[in-house]
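One-letter residues, chain by chain:
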Amino acid sequence: MKRLVIKFGGTSVGNIEKIKKVANIVKKRFEEGNEIIVVVSAMSGETNKLNTKAQSIAQNFDDKELDVLLSSGEQVSSSLLSGALIDLGIKARSWLGWQIPIITDDNYTFSKIIKIRTDEILNFISHKGVAVIAGFQGISKENRITTLGRGGSDLSAVAIAKFFQTDSCEIYTDVDGVFTTDPSISHQAKKIDKISYEEMLEMSSLGAKVMQPSAVQTSMIDNIPIHVRSTFSEKSGTKIISESEIDYKKVVTGIAYSKNNAKISIIGVVDKPGVAADVFEPIGKNNINIDMVIQNTSLDGKNANITFTIKQGDLKKTLNTIEKNKKTINYNKISHDDKLAKISIVGAGMVSSPGVTYKMFRALADEKINILAISTSEIKISVLIREDLTQKAVKKLHSEFGLN
Ligand code: ADP
Ligand code: ASP
Ligand code: MG
């Protein structure tokens, strides 16, 4: 007998018909003789709707109350799925995060899971019950509801695999697995059979929504293989596993993109030790995430320009912060640009292949796409471009690196 955690995303439980379909998949897996723990997301679109309601009350809606609100979508779907299973003659029960409990830190809206109590659910599943756990949520030590960041049901599933020591962790979604790029942007995208934790972490951090980055990070740290597969087809899906189990034939494994990036350039700061710290300290203290950074110095070496990127939603707040700290930062001019996209090529095979950078830049130049900023790591190269050129760039790089 195997113990499985199977997670169904929002699109898989998007309406009543789909919930019934999911219930039948769960029934089948249960009747194959497995112990089953199901993790479920909110019905697709629900979390966004709840978020919009909070924003229409206040732009800075209290984050602890936001977690109470946002987690409610999973209460609905976990009970509907449990009810559907009971209707199929299966012993099932839903659990919300606080009932288990799933203990998290108190970083509201972005919490990390610390511990999960297992005895009650283990007892239930060992007596032929199917446990249905509401994903995306937990409870902090101060007894308040938390959520795990958008897409966080993936993290719920991985953490449950870890604490319940399941034999596998399966993520059921609306596509057949992880593709060489987002299948909704290119029909040429191909399903990847195996991808390493490291590559998947880069892909998801760089915009591939199919897995939440924190979930991949946890699976990497604890060496928990993930199987991403479709709710709507029987295809074999993608295994996210350790790099040592993969035989690399291609230099680039996949292409990711993220839209809604903005760029700020601070022109004419004095080029002396500590300026970059003066610029980024107040921004960091305001919880704004900086992504790419470029600094260049004028020919006489006296002045420098600092350019960096942030999420579009943080643009106003960042500009205000810089303005407020104008005296300490001491600059001539500031300019900004929103509606930018970051396009990234990812592949463990890049480590041993020189010339990838040149090939990427040349391919984009051939399409007359201007590169505004660049950042690299061992297994990825990212470039910043105009947002309206996203699809063109992704398609070009997809064919350039032999992924079509
Ligand atoms: P779920 O509701 O199951 O959590 P998500 O919407 O979070 O599903 O993630 C699945 C979506 O991720 C797909 O519909 C697809 O458009 C998008 N996606 C982006 N990049 C990729 C990729 N490289 N491979 C597969 N899907 C991707
Ligand atoms: N419902 C949550 C969200 O939309 C969690 C998830 O879907 O994984 O972000
Ligand atoms: Mg998701």
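For the structure, see preceding data.
Let us look at the structure shown here. (Residues numbered from 1 in each chain as written. Chains lettered and ligands numbered in written order. Predicted model: local features only at pLDDT ≥ 70, side-chain atom pairs only at ≥ 80, totals over all residues. Heavy atoms only, no water.)

## Observations concerning the pairing of strand S12 (residues 238-241)
Here is step 1: Bridge analysis of strand S10 (residues 194-196) against S12 gives three bridges, and the strand direction is parallel. Each bridged residue has a counterpart across the sheet, and for Lys194 the counterpart in S12 is Lys239.
Here is step 2: Sheet topology note: the strand S11 (residues 226-230)/S12 ladder contains three bridges and is antiparallel. Following the sheet pairing, His227 is matched in S12 by Lys239. (Pairing = 2+ DSSP bridges. Helix = DSSP H or I, 4+ residues; strand = E, 2+ residues; numbered from the N terminus.)

## Remarks on the pattern of salt bridges
Here is step 1: In this structure the tally under the stated criterion is 19 salt bridges.
Here is step 2: Note that Asp247 is salt-bridged to Lys249, the shortest N-O span being 3.6 Å. As far as the burial class goes, Asp247 and Lys249 line up, both exposed.
Here is step 3: In this structure, Lys342 and Asp291 form a salt bridge, with 2.6 Å as the shortest nitrogen-oxygen distance. With Lys342 in strand S16 (residues 333-346) and Asp291 in the loop between helix H9 (275-285) and strand S14 (293-297), the pair connects residues that are 51 residues apart, well separated along the chain.
Here is step 4: Residue Asp291 is classed as partly exposed on the basis of its relative accessible area, which comes to 36%. (Salt bridge = Lys/Arg side-chain N within 4 Å of Asp/Glu carboxyl O. Buried < 20%, exposed > 50% of the residue type's maximum accessible area, 1.4 Å probe, protein only.)

## Focus on unusual backbone geometry
Here is step 1: With an omega dihedral of -15°, the bond running from Ile100 to Pro101 counts as a cis peptide bond.
Here is step 2: Positive phi, close to 65°, is recorded for Lys128, a residue that is not glycine.
Here is step 3: With respect to the helices and strands, Lys128 occurs in the loop between helix H5 (119-126) and strand S6 (130-134).

## A look at the sheet that holds strand S15 (residues 303-311)
Here is step 1: With antiparallel pairing, six strands are arranged side by side in an open sheet as S14-S15-S13-S16-S18-S17. Strand pairing shows two members of the sheet lacking a second neighbour, S14 and strand S17 (373-377), which therefore form its edges. Across the sheet, the mean angle separating the axes of adjacent strands is 25° when strand polarity is ignored.
Here is step 2: Packing against the sheet, helix H12 (residues 356-366) makes contact with S16, S17 and strand S18 (380-386), and its axis sits at approximately 20° to S18. (Axes fitted to C-alpha atoms, helices over the stretch in contact; angles between N-to-C directions. Contact = heavy atoms within 4.5 Å.)

## A word on the side chain of His398
Here is step 1: Within the secondary structure, His398 is located in helix H13 (residues 390-400).
Here is step 2: Within the structure, His398 has its side chain in polar contact with the side chain of Thr180 (distance 2.6 Å). (Polar contact = N/O pair within 3.5 Å; in protein donor to acceptor, adjacent residues only side chain to side chain.)

## Description of the site of ligand 2
Here is step 1: Contacts to ligand 2 come from Ser41, Ala42, Thr47, Glu74, Phe136, Arg150, Gly151, Gly152 and Ser153.
Here is step 2: Between Ser41 and ligand 2, the recorded distance is 3.4 Å, taken from a side-chain N or O atom to an oxygen atom.
Here is step 3: At 3.0 Å, a backbone N or O of Ser153 approaches an oxygen atom of ligand 2.
Here is step 4: The protein chains hide 86% of the 260 Å² of surface that ligand 2 would expose on its own.
Here is step 5: Of the residues in the shell around ligand 2, the class split is two nonpolar, five polar and two charged. (Near = heavy atom within 4 Å. Areas by Shrake-Rupley, 256 points an atom, 1.4 Å probe, with all protein chains shown as cover. Nonpolar A, V, L, I, M, F, W, Y, C, P; charged D, E, K, R; others polar.)

## Observations concerning helix H3 (residues 63-70)
Because each turn of an α-helix spans 3.6 residues, side chains separated by three or four positions in sequence point in the same direction.
Here is step 1: For H3, the set of buried residues is Leu66, Asp67 and Leu70. With its buried residues spanning 100° around the axis, H3 presents them on a single face.
Here is step 2: Buried residues belonging to H3 abut helix H2 (46-57), helix H4 (72-87) and strand S8 (145-147).
Here is step 3: The opening residue of H3, the one whose side-chain oxygen lies 3.1 Å from the backbone nitrogen of Lys64, is Asp62. (Arc of directions from axis to C-beta.)

## Remarks on helix H1 (residues 16-31)
Here is step 1: Helix length check: H1, at 16 residues, gives a terminal C-alpha distance of 22 Å against a target of 22 Å (1.5 Å per residue), a fit within 8%.
Here is step 2: Within H1 the residues assigned to the buried category are Ile19, Val22, Ala23, Ile25, Val26, Arg29 and Phe30. The buried side chains of H1 occupy one side of the element, clustering within an arc of 160° when seen end-on. Within H1, the exposed residues directed more than 90 degrees away from the buried face are Glu17 and Glu31.
Here is step 3: On its buried face, H1 sits against strand S1 (3-8), strand S2 (35-40), H4, S6, strand S9 (168-173) and S11.
Here is step 4: Two or three places before Glu17, at the opening of H1, Asn15 has a side-chain oxygen 3.2 Å from that residue's backbone nitrogen.
Here is step 5: Where H1 ends, the next residue or the one after it, Gly33, has phi of about 100°, a positive value. (Expected span 1.5 Å × (residues − 1).)

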